[in-house]
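# Structural features, examined
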Amino acid sequence: MEQERPSDLKDLHVYDAPPAGAADDWSVPQGWTEFSDADHARWNDLVARQSQSLIGHACDAFMDGLNALHLGEDGIPEFETFNPRFCAQTGWQAVAVPGVIPNDVFFRHLAERRFPVANFLRRHGSLDYNDEPDMFHDVFGHLPMFMDRTFGDFLAAYGRAGLRAEGLGVSELLGHLYLHTVEFGLIREGPSIRAYGAGLLSSYAETVHARTSPKARRLEFDLARMMRTQYLFDKFQPTYFVIESFAALLEEMETTSLSKVYETLRDQPSLAPGESHSDDRIVPIDDL
Ligand code: CO
């Protein structure tokens, strides 16, 4: 059951330059007081329904983080009061941004342990597809993962690598790594494979697809393969990558010479989202 995003929901919050009211780092006031009672109620409903539906699908780190953050008990979190607690628990802060922000700005926020969060909430109550990443995607999908310190360290290392990649003109390659881990990543947990990517966890339908659909290919983690692999913006991914642990992911990030990987990949064509390669190590579906 693949679903496409309605085209009128694409790219509503994409800017060429920081919009009025944004700082140089594209941060904006969260505008929390502008959310209505109906917004807060919709938020609580989204969090309650998605938390329930992800049981058995989301990785332990995510569920533990979700329980610790109490995201859906009191409406949309107000960052001014949320951040001190969140920072004490994770070392990270949430920072409001107006939508999609430039790569270099995004990388710097991550390197300095600030996670950019869209300051708008989807107007519908659907959990079955992602339109552009909204506050529900960013807060519910991403923030619980930071309760795992190793995952947070990985993302900060990714931000530092991103700043170097900008200088080398290879942000797009590195960006694929983000998509195949932080957004659409799967992790092995005992006999099971569970979701840790926010693009999955904020979409119930894609989480189920990624974990169980015979149409989806699940490949063992391979950093260079991930960087080569394109992804789909508007449909479920046909290929997902499975990591062994966040420690293994962080170690890979810290010990791999990324400049050598970029050098190798410069001479190789990228792979289409569903394309297979002779070196692929497929995770069999009966492992799930
Ligand atoms: Co995201």
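Worth saying up front: this structure is predicted, and the values here are computed from it rather than measured.

This part covers the coordination of the cobalt ion. Protein-derived coordination of the cobalt ion comes from H137 (NE2), H142 (NE2), E183 (OE) and E183 (OE), at a distance range of 1.9 to 2.8 Å. One can describe the donor arrangement at the cobalt ion as irregular, given that its 4 donor atoms subtend angles of 52 to 132° at the metal. Along the chain, the residues donating to the cobalt ion are arranged with the sequence spacing H-x4-H-x40-E. Placement of the pair is H137 in helix α5 (residues 135-142) and E183 in helix α7 (residues 171-183), with a sequence separation of 46 residues. On the accessibility criterion, H137 (4% relative accessible area) is buried.

A separate point is the pattern of salt bridges. A pair can form between side chains of opposite charge whenever their charged atoms are brought close. Applying the stated rule across the entire model yields 12 salt bridges. Across the pair R49 and D45 runs a salt bridge whose closest N-O atoms are separated by 3.1 Å. Taken as a pair, R49 and D45 lie in helix α1 (residues 37-53) at a separation of 4 residues, close to a single helical turn. Residue classification places R49 among the partly exposed positions, given a relative accessible area of 37%. Judged by relative accessible area, D45 falls into the partly exposed class, the value being 37%. One salt-bridge network, in which partners are shared between bridges, spans D60, E189 and R194.

Reading guide: rules and limits
Residues numbered from 1 in each chain as written. Predicted model: local features only at pLDDT ≥ 70, side-chain atom pairs only at ≥ 80, totals over all residues. Heavy atoms only, no water. Donors = N, O, S within 2.8 Å, 3.2 Å for Na, K, Ca; no water. Tetrahedral: all angles 85-135°; square planar, octahedral: opposite > 155°, others 65-115°. Helix = DSSP H or I, 4+ residues; strand = E, 2+ residues; numbered from the N terminus. Buried < 20%, exposed > 50% of the residue type's maximum accessible area, 1.4 Å probe, protein only. Salt bridge = Lys/Arg side-chain N within 4 Å of Asp/Glu carboxyl O.

Geometry only, nothing functional implied.
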